[in-house]
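What follows is the residue order along each chain.
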Amino acid sequence: MKIEILGVGCPKCKQLTANAEAAVKELNIQAEIGKVTDIDKITEYGVMMTPALAIDGTVVSAGKVLSKDDIKKLISK
Amino acid sequence: MAENNCMCQEAGVLIFPCSGGSDVGELSDSVARKMAKCGQAKMFCLAGIGAHIPGMIESAKAAKKLIAIDGCQVLCSKKILEHAGFTPISFNLKDLGFEKGRTKVDDETIEKAATKISGGKGEETANRNSGGCCGN
């Protein structure tokens with residue numbers, strides 16, 4: 001599984017990254033967590049509001065700092 | 001990091017004109033751009049919603065309110081948004097007195113339409129209390 005955090009690196013993006021890392025750790029799964037900070041690349045995903053979260057290339061949330069539990073639910077879908 | 005380019009600001013109110021091929025379609029687009037320029041709402045891509053681009057859909061979900069501006073009674077913008085699961089505040093320019101095929105799209109008409117939209121449901125379209133626009 002590949003999880004990407006889309007955002008230029010502001011505190012909200014960092015918090016979402018931390019929450020995603022915590023979610024992966026608690027679920028005890030193998031997942032690569034990457035960051036997409038380039039605005040052009042973020043726009044290619046169609047994201048207009050950051051931070052955003054993509055799982056395996058599909059944006060599942062934008063404009064929100066999802067909690068660890070929210071992310072766990074999305075990963076488990 | 002480039003926080004100046006941050007896209008983390010509050011989504012607020014997003015505006016979706018139908019941008020159709022007719023005079024009133026053009027007016028919907030122009031009035032939306034004017035309202036966006038004035039800070040009353042943020043212009044958004046209706047085509048991206050129609051194409052079900054996940055990033056666009058999720059970005060729209062982050063908004064406080066969505067406004068659909070349609071040029072005529074076909075209500076394409078409203079219907080596209082509803083089809084994607086949203087419930088927009090809907091404006092039909094025909095109901096505001098702009099007739100398809102008989103509307104000249106100029107600064108005066110754009111201003112008039114913007115005033116009617118932001119004044120008609122002003123509390124829903126913007127944070128500001130004024131029914132008009134910035135005059136730019």
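Structural data are supplied above this passage.
Let us look at the structure shown here.

Cut-offs and rules
Residues numbered from 1 in each chain as written. Chains lettered and ligands numbered in written order. Predicted model: local features only at pLDDT ≥ 70, side-chain atom pairs only at ≥ 80, totals over all residues. Helix = DSSP H or I, 4+ residues; strand = E, 2+ residues; numbered from the N terminus. Rg over C-alpha atoms; globule rule 2.2 N^0.38 Å. Buried ≥ 20, exposed ≤ 12 C-beta atoms within 10 Å, placed from the backbone. Contact = placed C-beta atoms within 7 Å. Core = buried A, V, L, I, M, F, W, Y, C linked by C-beta atoms within 7 Å. Pairing = 2+ DSSP bridges. Axes fitted to C-alpha atoms, helices over the stretch in contact; angles between N-to-C directions. Expected span 1.5 Å × (residues − 1). Right-handed = clockwise from strand over helix to strand, strands pointing away. Arc of directions from axis to C-beta. Parallel < 35°, antiparallel > 145°, perpendicular 65-115°, else oblique. Left-handed = near helix turned anticlockwise from the far one by under 90°. Nonpolar A, V, L, I, M, F, W, Y, C, P; charged D, E, K, R; others polar.

**Let's talk about the overall build of chain A**
Here is step 1 of the chain: Regarding its fold elements, chain A presents three helices and four strands.
Here is step 2 of the chain: Order of helices (α) and strands (β) in chain A, N terminus to C terminus: β-α-β-α-β-β-α.
Here is step 3 of the chain: Taking 11 Å as the expected radius of gyration for a compact globule of 77 residues, we find that chain A reaches 11 Å, a close match to that expectation.
Here is step 4 of the chain: For chain A, the spread of C-alpha atoms along the principal axes amounts to about 30 × 25 × 15 Å.
Here is step 5 of the chain: Counting over 77 residues, chain A shows a buried share of 40%.
Here is step 6 of the chain: Contacts in chain A between residues far apart in sequence, at least 24 positions, make up 61% of those at least 6 positions apart.

**Quick look at the nonpolar core**
Here is step 1 of the chain: In this structure, B:Leu14, B:Ile15 and B:Ile69 are the most contacted members of the largest nonpolar core, which totals 57 residues.
Here is step 2 of the chain: Ignoring any residue separated from it by four or fewer positions in sequence, one finds B:Ile15 in contact with B:Ala32, B:Met35, B:Ala36, B:Ala41, B:Lys42, B:Met43, B:Phe44, B:Ile67 and B:Ile69.

**As for the sheet that holds strand 3 (residues 52-55) of chain A**
All names here are of chain A.
Here is step 1 of the chain: The four strands lie next to each other as 2-1-3-4, forming an open sheet whose pairing is mixed. Only two strands of the sheet have a single neighbouring strand rather than two, namely strand 2 (32-36) and strand 4 (58-62). For this sheet the average axis-to-axis angle between neighbouring strands, irrespective of direction, equals 25°.

**Considerations on helix 1 (residues 23-37) of chain B**
Three or four residues apart is the spacing at which side chains of an α-helix point the same way, because the helix has 3.6 residues per turn.
Residues and elements named next belong to chain B.
Here is step 1 of the chain: Given a rise of 1.5 Å per residue, 15 residues ought to cover 21 Å, and the 21 Å separating the end C-alpha atoms of helix 1 matches this to within 8%.
Here is step 2 of the chain: Asp23, Val24, Gly25, Leu27, Ser28, Asp29, Val31, Ala32, Lys34 and Met35 are the residues of helix 1 that are buried.
Here is step 3 of the chain: A positive backbone phi angle near 80° is found at Gly39, which sits one or two residues after helix 1.

**Notes on the interface of chain A and chain B**
Here is step 1 of the chain: Chain A puts 21 residues into the contact, and the matching count from chain B is 17 residues.
Here is step 2 of the chain: Top contributing element to the side of chain A that touches chain B by residue count: strand 4 of chain A, with five residues.

**Examining the pairing of strand 4 (residues 89-92) of chain B**
All names here are of chain B.
Here is step 1 of the chain: When strand 3 (residues 65-70) meets strand 4, the two strands line up parallel, connected through four bridges. Residue pairing for strand 4: Ile67 is matched across the bridge by Ile89.
Here is step 2 of the chain: With helix 4 (residues 76-83) bridging strand 3 and the parallel strand 4, this β-α-β connection has right-handed handedness.

**Thoughts on helix 1 (residues 11-27) of chain A**
Residues and elements named next belong to chain A.
Here is step 1 of the chain: Its 17 residues place the ends of helix 1 24 Å apart at the C-alpha level, agreeing with the 24 Å of an ideal helix rising 1.5 Å per residue.
Here is step 2 of the chain: Every buried residue of helix 1 is accounted for by Cys13, Leu16, Thr17, Asn19, Ala20, Ala23 and Val24. One face of helix 1 carries all of its buried residues, which in axial projection span an arc of 165°.
Here is step 3 of the chain: Residues of helix 1 that are buried make contact with strand 1 (2-6), strand 2, strand 3 and helix 3 (68-76).
Here is step 4 of the chain: Positioned one or two residues after helix 1, Asn28 has a phi angle of 55°, which is positive.

**Regarding the packing of helix 1 of chain A against helix 3 of chain A**
Residues and elements named next belong to chain A.
Here is step 1 of the chain: Between helix 1 and helix 3, the least distance of the axes is 8 Å, while the angle of their chain directions is 60°. Judged by the inter-axis angle, helix 1 sits oblique to helix 3. Crossing geometry of helix 1 relative to helix 3 is assigned as right-handed. Residues Asn19, Ala20, Ala22, Ala23, Glu26 and Leu27 of helix 1 form the contact with helix 3, whose own contacting residues are Lys68, Ile71, Lys72 and Ile75.
Here is step 2 of the chain: Looking at the contact of helix 1 with helix 3, its residues break down into six nonpolar, one polar and three charged.

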